[in-house]
Amino acid sequence: MNTDAAVPADWKALDDFAAGIDTNRLPATDGLIGQRWLLERSGGAPIDLRFRTADRVDWTSGSASGTDWYEAVEVADGVYFLARTFADRPYVSEVTAVHLPTARTITVVSTIATEPTPGVPRVSQEFFAGTVDIGGVAGPSGDVPGPTRDLIGWRAVYRYSPNHLYEHVYLSSERYCWQCLIGEQRGHGDVDLATTWKLAPDLYVFTFREFLIPVAATWLYNLDAMRSTGRFFGLADDGAVRNAPGGAHITALGRVQYPDDGQPA
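Chemist: Please provide a residue-by-residue account of the pattern of salt bridges, values included.
Modeler: By the definition in use, this model includes 11 salt bridges. One salt bridge connects D48 with R36, and the closest N-O pair in it is separated by 2.4 Å. Of the two residues, D48 is situated in strand β2 (residues 47-51) and R36 in strand β1 (residues 36-41); the sequence distance between them amounts to 12 residues. In this structure, E71 engages R231 in a salt bridge whose closest nitrogen and oxygen atoms are separated by 3.2 Å. Of this pair, E71 sits in strand β4 (residues 64-76) while R231 sits in strand β16 (residues 227-235), and the two are 160 residues apart along the sequence. With relative accessibility at 9%, the residue E71 sits in the buried group. Among the residues examined, R231 registers a relative accessible area of 9% and is labelled buried. What emerges from the salt-bridge pattern is a single network uniting R25, E71 and R231.

Chemist: Now, about unusual backbone geometry: what can you tell me, with residues and values included?
Modeler: The phi angle at A103 is positive, at roughly 60°, despite the residue not being glycine. With respect to the helices and strands, A103 occurs in the loop between β6 (92-99) and β7 (104-112). Judged by relative accessible area, A103 falls into the buried class, the value being 2%. At D202, a residue that is not glycine, the phi angle is positive and equals roughly 70°. Tracing the backbone through its elements, the reader meets D202 in the loop between β13 (189-200) and β14 (203-209). Residue classification places D202 among the partly exposed positions, given a relative accessible area of 36%.

Chemist: With reference to specific residues and values, describe the nonpolar core.
Modeler: Nonpolar side chains in soluble globular proteins generally cluster together in the buried interior. In terms of nonpolar packing, the biggest core is built from 30 residues, with Y158, Y221 and F232 touching the most fellow members. Broken down by secondary-structure element, the contributors of at least two residues to this core are α1 (14-18), β10 (154-161), β11 (164-170), β12 (175-182), β14, β15 (215-222) and β17 (241-255). When near neighbours in sequence (up to four residues on either side) are disregarded, Y158 contacts H164, L165, Y166, H168, Y170, Y221, S228, A248, H249 and I250. Among the nonpolar cores identified, the runner-up in size contains 20 residues, and W37, L82, V98 and V109 belong to it.

Chemist: Give a detailed account of a negative patch on the surface, specifying residues and quantitative values.
Modeler: Among the surface-exposed residues, D16, E184, D237 and D238 lie close enough to one another that they form a single negatively charged patch. With respect to the secondary-structure elements, E184 resides in the loop between β12 and β13.

Chemist: Please set out the pairing of β7 residue by residue, giving values where relevant.
Modeler: Along β7, 8 of the 9 residues are buried, which leaves the element largely enclosed by surrounding structure. With 8 bridges joining them, β6 and β7 adopt antiparallel strand pairing. Bridge pairing in β7 places T96 opposite T107. If you look at the hairpin formed by β6 and β7, you'll find 4 residues sitting between the two strands, and A103 has a positive phi there, around 60°. Two elements, β7 and strand β8 (residues 123-133), share 9 bridges in a ladder whose sense is antiparallel. Its bridge partner being in β8, I112 is matched across the sheet by V123.

The rules behind each value
Residues numbered from 1 in each chain as written. Predicted model: local features only at pLDDT ≥ 70, side-chain atom pairs only at ≥ 80, totals over all residues. Heavy atoms only, no water. Salt bridge = Lys/Arg side-chain N within 4 Å of Asp/Glu carboxyl O. Helix = DSSP H or I, 4+ residues; strand = E, 2+ residues; numbered from the N terminus. Buried < 20%, exposed > 50% of the residue type's maximum accessible area, 1.4 Å probe, protein only. Core = buried A, V, L, I, M, F, W, Y, C linked by side-chain atoms within 4.5 Å. Contact = heavy atoms within 4.5 Å. Patch = residues over 30% accessible without salt bridge, like charges linked within 9 Å, V, L, I, M, F, W, Y side chains within 5 Å. Areas by Shrake-Rupley, 256 points an atom, 1.4 Å probe, with all protein chains shown as cover. Lys, Arg positive; Asp, Glu negative; His and termini not counted. Charge placed at Lys NZ, Arg CZ, Asp CG, Glu CD. Pairing = 2+ DSSP bridges.

Next comes the structure, spelled out in structure tokens:
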């Protein structure tokens, strides 16, 4: 049980709400087995990925290399949610949203701090635009992915399972509000730090970083299909690192239109 005085006594930890929150999630794919991808991103060395099995990938980046766990979910034709963890860096996870039609990518690196800092989310996130080369495919096209304000003012509910229903309100480019309508967290809600990047039309990477518990999440929204695919990364109540899958059907509730002189940050 969480003993932090700043956290409400009945506040739920990651393990409390994560069980079953992947019920409506799209399944992982084994379609990358035998493929080789070269990821390049701003501010980092290229990453050579060689997919060995359905969940093991050999990678090389500069002088570093290894074989680690991965998961790939094809959320639309040629669009992938690619998650990776590292045996020698358990407090780090990476998610890369890949759009093969344009060869564009967005990578989110989530890092759990070794110690908490009051007033700062325990899990931080960095964002990188990039490209993917799978061989025999044309080079990158279209807009370079980056931060977007497209979701501001939008309100929607997310059904992860019959026992998990949440409402989101996208307040600004930096914060969103959530509340649990059905589930372990029923009656709970908060305003947390959030970041949204646009990958392609109707495809968004949405992330949030919680203040009250050491958890961040990375999602790939497919608003054409009204589905979300993602992962929660953080610490369970016992301090163990968790990387829990989630996914939902999305139902839009509406959108607030702000006057020109009252736009949120």
